[in-house]
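# Working through the structure, step by step
Listed below are the residues making up each chain.
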Amino acid sequence: MKRTQQLLLAAAAAMLTAGLHAQTFLHTSSTEGNLWQQTKVKLQSEARQTPAVETDGTEEGSTFKAWGATFNELDWDALQLLTRDEQDDILRRVFSPEGDLRIARGRVSMGANDYARSWYSCDEMEGDFELRHFNIDRDKQAIIPFIRAAQKYNPGLTCWVSPWCPPSWMKINGDYPVLSSPYNNLPEKMNYLLYGKVGGQVDEDEMKLTGERTGKFPKQLATTDFMIQDPRYLQAYADMFCKFIDAYAEQGITIDMVMYQNEAYSYTPYPGCAWTAEGTVRFNRDYLAPTLRSRHPEVKLYLGTFNTNRQDYVEKILADEKLQESISGMGFQWEGREILPAIRSQHPDWSYICSESECGWGSFDWKAAEHTFELMNHYLGNGCNEYIFWNFILADQGESPWGWKQNALIRVDSRTREFTYTPEYYAAKHYSHFIPRGTRIVGYHGAQADNTPVLVAVNPQGKTVVVAGNFNDEARTLTVKLGRKYLNAELAPHSFNTFEER
């Protein structure tokens, strides 16, 4: 098998070298106010400068699988402000395999997340360990109609699930949030639970998320599992995952992967749940993994979502050998991006995904789109085979029920009921329109050094795709070596660019 793979790569290299002698690339570029402009560029025999990336066709690389989006109640509400024709056009552009973004994966929250209309779970009957009162009635109001609307344009759409919060009666504080705030009813005196074993001061600014966070996140790790660690609770919670999968299957929606918790390291004023390393291992290893294996062996268990850059802490979880046997992959977002390369090098046989694109703070501007463009460069360049967007359509300033204004790919004015495709939409399109399932990522240059991120890929048809950004105030020359030839091009200031072999 290895010999066959080597022969195929050698053949690909020969075709690349032979086919690129006078090859033309279609250059699609976007700048603020001048979107999706197309010209032709030919490969050249000489480099204008030191290449940012060099590929010769023999790189095995990583194989990309899917672009995804999250189905949230507030997104559905924003979509409903528009006419049926407008809704259909948006859904076609976002989800159709021939559309703009070609989204093929959906992320679903089991219970409320911070972009739900209000807090809820699938079973709020205290002590219902047999889950007799389990239901997805709330999902049937918005989330399931939302997914079905997307399935109209992509019948092959599949979903994965992660909860933000267990049912409130399964938590030690008996409520959805982790910490009190003006946006919830949790008593402030309950905040001591977070660091109860060792003490500590809750940092009120840490979860504001209105700019760049630096240093270690979180600054102090929770010392208490907010999920009650009694075996009855842990087994009932594992059972709930399976009932959720079953209930969605009855609605014609396939869930093929689960993660135990969204952002276990964000100590939130909205639905959330803090976990210790020991609790994380215990629940996944002893309850969730064996329950899935028994009732849904076709569903993969990923660890995540990891939004912490505390590498030693994550490694502590991954050190459990029995847990390792049950894991197919991991999901990273926010600060987790910083440790993705190191963790992937330690566990190269697993799959990795960007489980949530960062959402900004409601600016909807070009700078925010540049940040998202760089995120895609980073995650794909470091081996993630899925990239999941967060809210893809929001109204007005994108404000959550707890006061955080966020960006989206599409913005609706609730007063005029008009919508716009935001700069972030085009940042996404420069990747997702040209990188389908089965594309190999064969070259990568991060943005940190010169604000010019570059990604080189080979699509399933064997055609080369180069995606590059220029986040500088002046034009920059791009040089990429492809086989024995060079792609030389001028990148406009603050531009998104895709070069597709024709």
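In this section: the overall build of the protein chain. Looking only at helices and strands, one finds 11 helices and 21 strands in the protein chain. For 502 residues, the compact-globule estimate of 2.2 N^0.38 gives 23 Å, and the protein chain sits close to it at 23 Å. Within the protein chain, the proportion of its 502 residues that are buried is 61%. Considering only contacts in the protein chain between residues 6 or more positions apart, those separated by 24 or more positions represent 71%. When the accessible area of the protein chain is evaluated, it comes to approximately 20100 Å², of which 47% is carbon and sulfur surface. For the protein chain, the centre of its 51 positive side-chain charges and the centre of its 65 negative side-chain charges are spaced 5 Å apart.

Geometrically, a packed helix pair is captured by the angle between its two axes and the distance between the axes. One can describe the packing of helix α5 (residues 231-250) onto helix α6 (residues 277-295) by two numbers: an axis separation of 9 Å at closest approach and a directional angle of 40°. As summarised for this structure, α5 and α6 are arranged oblique, according to the angle between their axes. Regarding α5 and α6, the two cross each other, and that crossing is right-handed. Only Arg 282, Phe 283, Tyr 287, Leu 288, Thr 291, Leu 292 and Arg 295 of α6 make contact with α5, whose side of the interface consists of Pro 231, Leu 234, Gln 235, Tyr 237, Ala 238, Asp 239, Phe 241, Cys 242, Lys 243, Ile 245 and Asp 246. Taken together, the residues of the contact of α5 with α6 sort by class into 11 nonpolar, 2 polar and 5 charged.

Within the secondary structure, Thr 305 sits in strand β9 (residues 300-306). Taking the relative accessible area as the measure of exposure, Thr 305 reaches 1% and is therefore buried. Here Glu 263 takes part through its backbone nitrogen, which lies 2.8 Å from a polar atom of the side chain of Thr 305. At 3.4 Å, the side chain of Thr 305 forms a polar contact with the side chain of Gln 333. Residues contacting Thr 305, with those up to four places away along its chain left out, are Arg 107, Trp 160, Met 259, Gln 261, Asn 262, Glu 263, Ala 264, Tyr 265, Gly 331, Gln 333 and Ser 355.

This brings us to the environment of Asn 284. Take Asn 284: it is sitting in helix α6. Residue Asn 284 is classed as buried on the basis of its relative accessible area of 0%. Sequence separation between Asn 284 and Ser 351 is 67 residues, and the spatial gap between their C-alpha atoms is 17 Å. Asn 284 has contacts with Tyr 260, Ala 289, Pro 290, Leu 301, Leu 303 and Leu 323, leaving out every residue within four places of it along the chain.

Take the side chain of Arg 105 next. You can see Arg 105 is positioned in strand β6 (residues 105-109). Judged by its relative accessible area of 5%, Arg 105 is buried. Looking at Arg 105, its side chain comes within polar contact range of the side chain of Asp 256, at 2.8 Å.

What follows covers the sheet that holds strand β15 (residues 418-421). Read from one edge of the open sheet, 3 strands run β13-β14-β15, paired in mixed fashion. Each having just a single partner strand, β13 (393-395) and β15 make up the two edges of the open sheet. When strand polarity is set aside, the average angle formed by the axes of neighbouring strands in this sheet is 25°. Where strand β14 (residues 410-413) and β15 come together, 4 bridges link them in antiparallel fashion. Bridge pairing links Asp 413 to Glu 418 in β15. Those strands touched by helix α3 (residues 84-95) are β13, β14 and β15, and its axis lies near 15° from that of β15.

Among the 5 residues that make up strand β8 (residues 255-259), 4 are buried, leaving the element largely enclosed by the rest of the structure. Judged from the 3 bridges that link them, β8 and β9 form a sheet pairing that is parallel. For Val 258, the partnering residue across the bridge sits in β9 and is Leu 301. Crossover handedness for the path β8 to α6 to β9: right-handed.

This brings us to α3. An ideal rise of 1.5 Å per residue puts 16 Å on 12 residues; α3 measures up with 16 Å between its terminal C-alpha atoms. Residues Gln 87, Asp 88, Ile 90, Leu 91, Val 94 and Phe 95 constitute the buried set of α3. Seen end-on, α3 carries its buried residues on one side only, within an arc spanning 165°. Looking at the buried positions of α3, the neighbouring elements they touch are α2 (73-79), α4 (143-151), β13, β14, β15 and α11 (423-432).

This part covers the pattern of salt bridges. Enumeration according to the criterion identifies 21 salt bridges in this entry. As a salt-bridge pair, Lys 429 and Asp 100 come within 3.4 Å of each other at their nearest N and O atoms. Residue Lys 429 is located in helix α11, and its partner Asp 100 is located in the loop between α3 and β6; the two are separated by 329 residues in the primary sequence. For the pair Lys 429 and Asp 100, a shared accessibility class is recorded, and that class is buried. Residues Arg 107 and Glu 356 are paired through a salt bridge, measuring 3.4 Å at the closest nitrogen-oxygen approach. Here the residue Arg 107 occupies a position in strand β6, and Glu 356 occupies one in strand β11 (residues 351-356), the gap between them amounting to 249 residues. Here Arg 107 and Glu 356 have matching classes, each one buried. Here the salt bridges do not stand alone but share partners, grouping Asp 89, Arg 92, Arg 93, Asp 100 and Lys 429 into one network.

Scoring rules and cut-offs
Residues numbered from 1 in each chain as written. Predicted model: local features only at pLDDT ≥ 70, side-chain atom pairs only at ≥ 80, totals over all residues. Heavy atoms only, no water. Helix = DSSP H or I, 4+ residues; strand = E, 2+ residues; numbered from the N terminus. Rg over C-alpha atoms; globule rule 2.2 N^0.38 Å. Buried < 20%, exposed > 50% of the residue type's maximum accessible area, 1.4 Å probe, protein only. Contact = heavy atoms within 4.5 Å. Areas by Shrake-Rupley, 256 points an atom, 1.4 Å probe, with all protein chains shown as cover. Lys, Arg positive; Asp, Glu negative; His and termini not counted. Charge placed at Lys NZ, Arg CZ, Asp CG, Glu CD. Axes fitted to C-alpha atoms, helices over the stretch in contact; angles between N-to-C directions. Parallel < 35°, antiparallel > 145°, perpendicular 65-115°, else oblique. Left-handed = near helix turned anticlockwise from the far one by under 90°. Nonpolar A, V, L, I, M, F, W, Y, C, P; charged D, E, K, R; others polar. Polar contact = N/O pair within 3.5 Å; in protein donor to acceptor, adjacent residues only side chain to side chain. Pairing = 2+ DSSP bridges. Right-handed = clockwise from strand over helix to strand, strands pointing away. Expected span 1.5 Å × (residues − 1). Arc of directions from axis to C-beta. Salt bridge = Lys/Arg side-chain N within 4 Å of Asp/Glu carboxyl O.

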